[in-house]
Amino acid sequence: MLTVRDLRVSYGMSEVIHGISLDVGENETVAIMGRNGMGKTTLFKSLIGMHPSSSGEITFNGKELSKAQSYQRVASGIAYVPQGRMVFPTLTVEENIMAGLEASGRKKVPDDIYELFPVLLEMRHRKAGNLSGGQQQQLAIGRALAADPKILLLDEPTEGIQPSIIKQLATTLNEIKQLRKISIVVSEQVLSFALAVSDRMLVIDKGHIVHEASGDQIDRAHISRYLSV
Ligand SMILES: Nc1ncnc2c1ncn2[C@@H]1O[C@H](COP(=O)(O)OP(=O)(O)OP(=O)(O)O)[C@@H](O)[C@H]1O
């Protein structure tokens, strides 16, 4: 469904993604594990078109998107939940979700969003800036789902979120996968969370994919070594 080939991304003269290739299948969840500064956010920004790639191919559902604008990538079914969530703090919860509807052409918030995140229904008239970190993360995911994506890119969703909410978030991501049959790419440093949600794990280290494993082949100790400083 998503195919990335030999992707290179730079800031000025400094290349930080050095020829990454990856594939994400239909209804598959892939976790990209890596420490701070290894290139997870840069990879996502280049997949969604917020930062240009210098070379390589990004193909989604058979369409070559590496030169497409962000809005075209969203229209083709890619949704992005940035690190730090980036909800609109002065808009209400409902208005934030409505902002995500635009790409889908729908006028009404799909019922399953409030079913997946009952707290958003309860708080739909509150300003998003007054929500806790965990609630804002749920809102950011809900807003992304309003666009009816085929693939969800989640950049470090557990960052700054308390452990009990992290567990709940893992359950919800698995529900989303079941319910919507979408693919998910999630970048993470929390191994237990990634194990709970992913079918396959990739490790990114200094802009290279250095390890890949799925199912029984996942070696926690090996992956942990890339995550600890
Ligand atoms: N706007 C920028 N200009 C220059 N260099 C940048 C910029 N943003 C990130 N970098 C550098 O690119 C490299 C990869 O950063 P990136 O944010 O993609 O990593 P990350 O794995 O997402 O880590 P984090 O969780 O800290 O965001 C780092 O060396 C970082 O310093």
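In this text, all values refer to a predicted model and were calculated from it rather than measured experimentally.

Considering the overall build of the protein
For step 1, the next point in the chain: Secondary structure summary: the protein contains 9 helices and 10 strands in total.
For step 2, the next point in the chain: Here the protein has a C-alpha radius of gyration of 17 Å; the compact-globule value for 229 residues is 17 Å, and the two agree.
For step 3, the next point in the chain: In the protein, buried positions account for 40% of the 229 residues.
For step 4, the next point in the chain: The long-range fraction of contacts in the protein, counting pairs at least 24 apart against all pairs at least 6 apart in sequence, stands at 69%.

Some thoughts on the packing of helix H3 (residues 93-101) against helix H6 (residues 133-146)
For step 1, the next point in the chain: Two elements in contact, H3 and H6, have axes separated by 6 Å at closest approach and are oriented at 35 degrees. Crossing angle aside, the handedness with which H3 passes H6 is right-handed. Taken together, the residues of H6 that come into contact with H3 (itself represented by Val93, Asn96, Ile97, Ala99, Gly100 and Leu101) are Leu139, Gly142, Arg143, Ala144 and Ala146.
For step 2, the next point in the chain: Broken down by class, the residue content of the contact of H3 with H6 amounts to 7 nonpolar, 3 polar and 1 charged.

Considering the site of the ligand
For step 1, the next point in the chain: What surrounds the ligand is the set Tyr11, Val16, Gly34, Asn36, Gly37, Met38, Gly39, Lys40, Thr41, Thr42, Gln83 and Glu156.
For step 2, the next point in the chain: For the shell around the ligand, the leading source of residues is helix H1 (residues 40-48), giving 3 residues.

As for the sheet that holds strand E6 (residues 78-81)
For step 1, the next point in the chain: Reading across the sheet, the 6 strands line up as E6-E7-E8-E3-E9-E10 and stay open at both edges, with mixed pairing between neighbours. What marks the edges here is a single partner per strand, and that holds for E6 and strand E10 (208-214). In this sheet, adjacent strand axes meet at a mean angle of 15 degrees when their direction is disregarded.
For step 2, the next point in the chain: In this sheet, E10 lies alongside strand E9 (residues 200-205) in antiparallel orientation, the contact comprising 6 bridges. Across the sheet, residue Val203 finds its bridge partner in E10, namely His211.
For step 3, the next point in the chain: Packed on one face of the sheet, helix H9 (residues 220-227) meets strand E3 (29-33), E9 and E10 and runs near 30 degrees to E9.

Considering the pairing of strand E4 (residues 55-60)
For step 1, the next point in the chain: Here strand E1 (residues 2-11) runs beside E4; their pairing, made up of 5 bridges, is antiparallel. Opposite Val4, over in E4, you have Ile58 as the bridge partner.
For step 2, the next point in the chain: Of the pairings in the sheet, the one linking E4 to strand E5 (residues 63-64) comprises 2 bridges and is antiparallel in character. Its bridge partner being in E5, Phe60 is matched across the sheet by Lys63.

Focus on H3
For step 1, the next point in the chain: Every buried residue belonging to H3 is among Val93, Asn96, Ile97 and Gly100, and all of these are buried. Projected down its long axis, H3 shows its buried positions confined to an angular sector of 95 degrees, all on one face.
For step 2, the next point in the chain: Those residues of H3 hidden inside the fold are in contact with helix H4 (111-116), helix H5 (118-122) and H6.

Topic: the sheet that holds E5
For step 1, the next point in the chain: The strand order across the open sheet formed by 4 strands is E2-E1-E4-E5, and the pairing between neighbours is antiparallel. What marks the edges here is a single partner per strand, and that holds for strand E2 (14-24) and E5.

Here's the deal with the pairing of E9
For step 1, the next point in the chain: Looking at chain direction, E3 and E9 are connected through 4 bridges and run parallel. Across the sheet, residue Ile32 finds its bridge partner in E9, namely Leu202.
For step 2, the next point in the chain: Connecting E9 to the antiparallel partner E10 that follows it, the hairpin turn spans 2 residues, and Lys206 within it adopts a positive phi of roughly 45 degrees.

Details of the nonpolar core
The tendency in soluble globular proteins is for nonpolar side chains to be buried as a group.
For step 1, the next point in the chain: Judged by nonpolar contacts, the single largest core of 59 residues is most densely connected at Ala144, Leu152 and Leu153.
For step 2, the next point in the chain: Looking at this core element by element, the count peaks at 6 residues for H6.
For step 3, the next point in the chain: Setting aside residues up to four positions removed in sequence, Ala144 forms contacts with Ala79, Tyr80, Val81, Gly100, Pro149 and Leu152.

What counts as what
Counting starts from 1 at the beginning of each chain's written sequence and moves along it residue by residue. Two thresholds apply to this predicted model, a pLDDT of at least 70 for residue-level local features and 80 or more for giving and counting side-chain atom pairs, whereas whole-chain, interface and lining totals are computed over all residues. Under the scheme used here, helices are H or I runs from DSSP no shorter than 4 residues and strands are E runs no shorter than 2 residues, and both carry numbers assigned from the N terminus. Radius of gyration: over C-alpha atoms. The globule rule applied is 2.2 Å multiplied by the number of residues raised to the 0.38 power. Here a residue counts as buried when 20 or more other C-beta atoms fall within 10 Å of its C-beta, as exposed when 12 or fewer do, and as partly exposed in between; the C-beta atoms come from the backbone. Throughout, a residue-residue contact means that the two C-beta atoms, derived from backbone geometry, are no farther apart than 7 Å. Only C-alpha atoms enter the line fits that serve as axes; for helices the fit covers just the stretch in contact. Angles between N-to-C directions range over 0 to 180 degrees. The hand of a helix crossing depends on one turn: near helix anticlockwise from the far one by less than a right angle means left-handed, and clockwise means right-handed. Under the scheme applied here, ten amino acids are nonpolar (Ala, Val, Leu, Ile, Met, Phe, Trp, Tyr, Cys and Pro), four are charged (Asp, Glu, Lys and Arg), and all others, including Gly, are polar. Note on definitions: a residue is near a molecule or strand provided its C-beta atom, placed from the backbone, lies within 6 Å of it. Two strands qualify as a pair provided DSSP detects at least 2 bridges between them. Within this analysis, the arc is defined by the directions that extend from the helix axis to the C-beta atoms. Residues enter a nonpolar core if they are buried, belong to Ala, Val, Leu, Ile, Met, Phe, Trp, Tyr or Cys, and are joined to the set through C-beta atoms within 7 Å.

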